[in-house]
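Notes for the structure review
Listed below, chain by chain, are the residues.
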2 protein chains.
Amino acid sequence: MSSTRDIDALIEMMARLPGLGPRSARRAVLHMIRKRAQILNPLSEVMATVAATARECLNCGNIGTADICDICDSEARANGQLCVVEDVADLWAMERSQVFRGRYHVLGGTLSALDAVGPEELRIPKLIARVDAEGITELILALNATVDGMTTAHYIADQLEGRVRVTSLAQGVPVGGELDYLDDGTITAAMNARKSI
Amino acid sequence: MSSTRDIDALIEMMARLPGLGPRSARRAVLHMIRKRAQILNPLSEVMATVAATARECLNCGNIGTADICDICDSEARANGQLCVVEDVADLWAMERSQVFRGRYHVLGGTLSALDAVGPEELRIPKLIARVDAEGITELILALNATVDGMTTAHYIADQLEGRVRVTSLAQGVPVGGELDYLDDGTITAAMNARKSI
């Protein structure tokens, strides 16, 4: 007796990934089955490897394959700058831009009264310890421009007042952005922070 | 020396699946790593199982885990009706609607002069053989309502003229559809096929 139980299970699991739904999961699974040598087998293997090796960096919270991630491990990145982000995805986004050559600290979220997230739930005590231990001279807060993100930024700036220079990302018009599509808050922020050219 | 090579490889492979891009692949991979026990490990295992067991049904072209799929294997489905679809995804869509209780035949595409796809590239010779071998009384052409789909339907109807009753899916207004959003061709087809109520 034959069965498609495993195929159905695979579709169901794929459909639960963020960004995929039942329809796209079915398409992806059919595609994978058709190209099993090029896609399905290697994907299964690399997933098993990642599942066995991926871990959070004990220092900064980045995801890598060792207890201390590549960035924390690199002496070249110890330039006194520490960039604070909410999430590993934000760290990866910063790295893609290649604009920052210091180290990171991943908070793992933002303070939130509504969700009862306090400083102890995030990596804020560890952040404060790192500022002294690693001789940080500038703390760059690259948090999302949401209410919770700004609350968290202010809390961190308060905690470290006078001990280190604290900066945050500039707000303004996105590169390539059209004014017509921007919200009022962004236009106001860009106007207030206008520069001579 | 630590490395994120495997994580990058996983993101790159996921990004090549239909329906996913680099951004959604990164999100999916971070999500999988965070929930490795619930998602990453089981997903890797079920992929390996599917890669080892999935195969095309030798009779109809459906994808299952045996040489003859569940539907071709079921005597209850041998009701004399054979539904012809382009692709396995179409067969799955028909099965979800549960409206059809006969067997299927997956062509594997449509005839296309542009892409040099002739009857021999599809499962058309096998289809013609099945009509006699399985005592088919009605052939239901459930092909996509595209130019190539309709060309293929006419070709098959021509080949089997006089040997079997050939029908095709009705064209009209989709259930729940709003006239305002329909194209002219669909409205014309629905008008021409109007029914007394």
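Given the structure is predicted, the values throughout are model-derived calculations rather than measurements.

1. Considering the packing of aromatic side chains
All names here are of chain B. For the structure shown, the criterion picks out 2 aromatic pairs over all chains. Ring geometry for F100 against Y104: centres 5.2 Å apart, planes inclined by 65 degrees, an arrangement best described as edge-to-face. Take F100: its relative accessible area is 5%, and that puts it in the buried class. Among the residues examined, Y104 registers a relative accessible area of 1% and is labelled buried.

2. Let's talk about the domain arrangement of chain A
Taken as a whole, chain A is organised into domain 1 (5-53) and domain 2 (69-168). Inter-centroid distance (C-alpha atoms) of domain 1 of chain A to domain 2 of chain A is 34 Å.

3. Concerning the pattern of salt bridges
Within the structure shown, the criterion is met by 18 salt bridges over all chains. One salt bridge in this structure joins A:E138 and A:R165, with 3.7 Å as the shortest N-O distance. Of the two residues, A:E138 sits in strand 5 (residues 138-141) while A:R165 sits in strand 6 (residues 165-168), which places them 27 residues apart along the sequence. The partner of B:E95 in a salt bridge is B:R77, with the nearest N and O atoms 2.7 Å apart. Taken together, the residues span a long stretch of sequence, with B:E95 in helix 5 (residues 88-97) and B:R77 in the loop between helix 4 (70-73) and strand 3 (81-85) at a distance of 18 residues. The exposure class of B:R77 is buried, given its relative accessible area of 7%. Taken together, the salt bridges that share partners define one network made up of A:R103, A:R130 and A:E134.

4. A closer look at a nonpolar patch on the surface
All names here are of chain A. On the surface, a cluster of nonpolar side chains totalling about 240 Å² of accessible area is made up of V173, L179 and I187. By the element assignment, L179 lies in the loop between strand 6 and helix 8 (184-192). Assessed through its relative accessible area of 54%, L179 is described here as exposed.

5. Observations regarding the sheet that holds strand 6 (residues 165-168) of chain B
Residues and elements named next belong to chain B. Strand order in the open sheet formed by 4 strands is 4-3-5-6, with parallel pairing between adjacent strands. Lying at the two open borders of the sheet, with one neighbouring strand each, are strand 4 (103-106) and strand 6. Going across the sheet, the axis of each strand differs from the next one's by a mean of 25 degrees, ignoring polarity. Examined bridge by bridge, strand 5 (residues 138-141) and strand 6 share 4 bridges and lie parallel to one another. If you follow L139 over to strand 6, its bridge partner there is V166. Along the sheet face, helix 5 touches strand 3 and strand 4 and points at about 160 degrees away from the line of strand 4. Its contacts with the sheet place helix 6 (residues 124-133) against strand 3, strand 4 and strand 5, and it is angled at close to 160 degrees to strand 4.

6. Here's the deal with the relation of the copies chain A and chain B
Structural alignment of chain A on chain B gives an RMSD of 0.1 Å, achieved by rotating through 180 degrees and translating 0.0 Å along the axis. As the rotation angle and translation indicate, the two copies are arranged about a two-fold axis. Relative to the rotation axis, the closest C-alpha in chain A is found at A:S44, a distance of 2.2 Å. A share of 100% of the interface residues of chain A reappears at the interface of chain B, consistent with the copies meeting face to face through the same patch.

7. Quick notes on helix 1 (residues 5-15) of chain B
For an α-helix the count is 3.6 residues per turn, leaving residues at separations of three or four pointing the same way. Listing the buried residues of helix 1 of chain B in full gives B:I7, B:L10, B:I11, B:M13 and B:M14. Seen from one end, helix 1 of chain B has its buried residues packed into an arc of 165 degrees, which puts them on one side. Facing away from the buried side of helix 1 of chain B, by more than 90 degrees, are the exposed residues B:R5 and B:E12. Contact partners of the buried residues in helix 1 of chain B: helix 3 (36-53), strand 2 (63-64) and helix 5 (88-97) of chain A together with helix 2 (22-34) and helix 3 (36-53) of chain B.

8. Concerning unusual backbone geometry
Residue and element names in this part refer to chain A. Non-glycine residue Q98 carries a positive phi angle of around 55 degrees. In this structure, Q98 sits in the loop between helix 5 and strand 4 (103-106). One non-glycine residue with positive phi stands out, namely A116, at about 55 degrees. Looking at where A116 falls in the secondary structure, it is placed in the loop between strand 4 and helix 6 (124-133).

What counts and what doesn't
Just so you know, the residues in each chain are numbered from 1, in the order the chain's sequence is written. Chain labels run from A onward and ligand labels from 1 onward, assigned in the order the entries are written. With pLDDT at 70 or above as the cut-off, local features in this predicted model cover only qualifying residues; side-chain atom pairs require 80 or more to be listed or tallied, and sums for whole chains, interfaces and linings still use all residues. The side-chain quantities take in all heavy atoms of the structure and omit both hydrogens and water. A pair of aromatic rings is counted whenever rings of Phe, Tyr or Trp (Trp by its six-membered ring) have centres within 6.5 Å, and the orientation is called stacked for planes under 30 degrees apart, edge-to-face for over 60 and tilted otherwise. Burial status follows relative accessibility: with a 1.4 Å probe on protein chains alone, a residue under 20% of its type maximum counts as buried, one over 50% as exposed, and anything between as partly exposed. The split into domains, and so the bounds of each, comes from an automatic or database assignment of domains. Any carboxyl oxygen of Asp or Glu that lies within 4 Å of a side-chain nitrogen of Lys or Arg is treated as forming a salt bridge with it. Secondary structure elements follow DSSP: runs of H or I no shorter than four residues count as helices, runs of E no shorter than two count as strands, and numbering proceeds from the N terminus. Patch membership needs two things, relative accessible area over 30% and no salt bridge, and members are linked within 9 Å if like-charged or within 5 Å if nonpolar (Val, Leu, Ile, Met, Phe, Trp, Tyr). Per-residue and other accessible areas were derived by the Shrake-Rupley procedure at a 1.4 Å probe size, with only the shown protein chains allowed to occlude residues. A pair of strands is labelled paired if DSSP reports no fewer than 2 bridges between them. Every angle, taken between N-to-C directions, lies between 0 and 180 degrees, and every axis is a line fitted to C-alpha atoms, over only the stretch in contact when it is a helix. When checking whether two residues touch, look at their non-hydrogen atoms; a contact exists if any pair is within 4.5 Å. All copies are superposed by least squares; the fitting set is the C-alpha atoms of residues with a pLDDT of at least 70 in both. Directions from the helix axis toward the C-beta atoms define the arc.

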